[in-house]
Amino acid sequence: MLTLTAAGIADLAAVSAAEVTEHLALLRSGDDEHPALSPASAARAVSAVRGLHRFAAREGLVSADVAHEIKPPAPPKRLPKALDVDQVERLLAAAGETDPLGLRDRALLEFLYGTGARISEAVGSAIDDLELGSEAAALLHGKGGRSRLVPVGRYARAALDAYLVRGRPTLVTAGRGTPRVFLNARGGPLSRQSAWSILHRAAGLAGLPVDGPHAVSPHTLRHSYATHLLDGGADVRVVQELLGHASVTTTQVYTLVTVDRLREVYATTHPRAR
């Protein structure tokens, strides 16, 4: 790795942007004595160097912050995990709907997949946020105080209707009353942790992974919602609005999943693909 001593530099003020850039390049490529660092590790190292130069400039130890324009390497985009439609159907069916808690569990999972809601948006939903008439919709309160109105599909609407009519009234009698849609067994608001446990239990019953890097998580249904919309031909800008992303750049990561799916279909179906 490049050191100031090896470069013949004895004063921090003599360091140039070129030296900082070369240091970053060596971190990523490695040398005979040091293995190459991952983007995340190199970014941490460069952030430390940037912090040193920022401090030196602020304290007047150097005339300029030469590392200010040096950007740490961006980590590679991690593709969202998405279930296929059959896996989603198995997961939803595993939730059960025979008692008030089973009706709640099914309604919660149908709501997550049917609206693309974040787990915090789902457990934070109030009765007044739902419109389950002929044009069913839900008002979701997202990050940064932004709210959005999203459609509620037929299956999610039916599960919510069943829960609100035959499940939630029983749970309400056990508690002090709350406007939240999803309640715990004591009649209070369902927590994020409890919602995660509901999904974890259903995933296990459906034979889906519950441990390891591919474990089903609450965000898995949101990922699946977006991926299935794009697979079905939805415009990325529409999906952005439905997900409540402030920037379409965040949504575009889902298109990478779809491109992989397109390649897979092409490779297995086109007569001259191989």
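In short, a report on the structure.

The rules we used
- Residues numbered from 1 in each chain as written.
- Predicted model: local features only at pLDDT ≥ 70, side-chain atom pairs only at ≥ 80, totals over all residues.
- Heavy atoms only, no water.
- Axes fitted to C-alpha atoms, helices over the stretch in contact; angles between N-to-C directions.
- Helix = DSSP H or I, 4+ residues; strand = E, 2+ residues; numbered from the N terminus.
- Parallel < 35°, antiparallel > 145°, perpendicular 65-115°, else oblique.
- Contact = heavy atoms within 4.5 Å.
- Nonpolar A, V, L, I, M, F, W, Y, C, P; charged D, E, K, R; others polar.
- Buried < 20%, exposed > 50% of the residue type's maximum accessible area, 1.4 Å probe, protein only.
- Pairing = 2+ DSSP bridges.
- Left-handed = near helix turned anticlockwise from the far one by under 90°.

## Concerning the packing of helix H3 (residues 85–94) against helix H4 (residues 100–115)
Now for step 1: Relative orientation of the contacting elements H3 and H4 amounts to 155°, with a least axis distance of 8 Å. Considering their axes alone, H3 and H4 lie roughly antiparallel with respect to each other. In this structure, H3 uses Val 88, Leu 91, Leu 92 and Ala 93 to contact H4, whose residues at the interface are Arg 106, Leu 109, Glu 110 and Tyr 113.
Now for step 2: Within the contact of H3 with H4, the residues separate by chemical class into 6 nonpolar, no polar and 2 charged.

## Details of the pairing of strand E3 (residues 147–151)
Successive residues of a regular strand alternate their side chains across the two faces of the sheet.
Now for step 1: The alternating pattern of E3 places Arg 148 and Val 150 on a buried face and Ser 147, Leu 149 and Pro 151 on a face that is not buried.
Now for step 2: Of the strand pairs in this sheet, strand E2 (residues 137–141) and E3 are connected by 5 bridges, and their pairing is antiparallel. By the bridge assignment for E3, Ala 138 is matched with Val 150.
Now for step 3: Taking the residues that link successive antiparallel strands as the turn, the E2-E3 hairpin has 5 residues, and the phi of Gly 144 there is positive, at about 65°.

## Thoughts on the packing of helix H9 (residues 218–231) against helix H10 (residues 236–243)
Now for step 1: One way to put it is that H9 packs onto H10 with a least axis distance of 10 Å and a crossing angle of 155°. Between H9 and H10, the crossing angle belongs to the class labelled roughly antiparallel. With respect to the hand of their crossing, H9 and H10 are arranged in right-handed fashion. Every residue of H10 that contacts H9 at Arg 222, Tyr 225, Ala 226, Leu 229 and Leu 230 is listed here: Val 236, Val 239, Leu 242 and Leu 243.
Now for step 2: Residue classes in the contact of H9 with H10 are distributed as 8 nonpolar, no polar and 1 charged.

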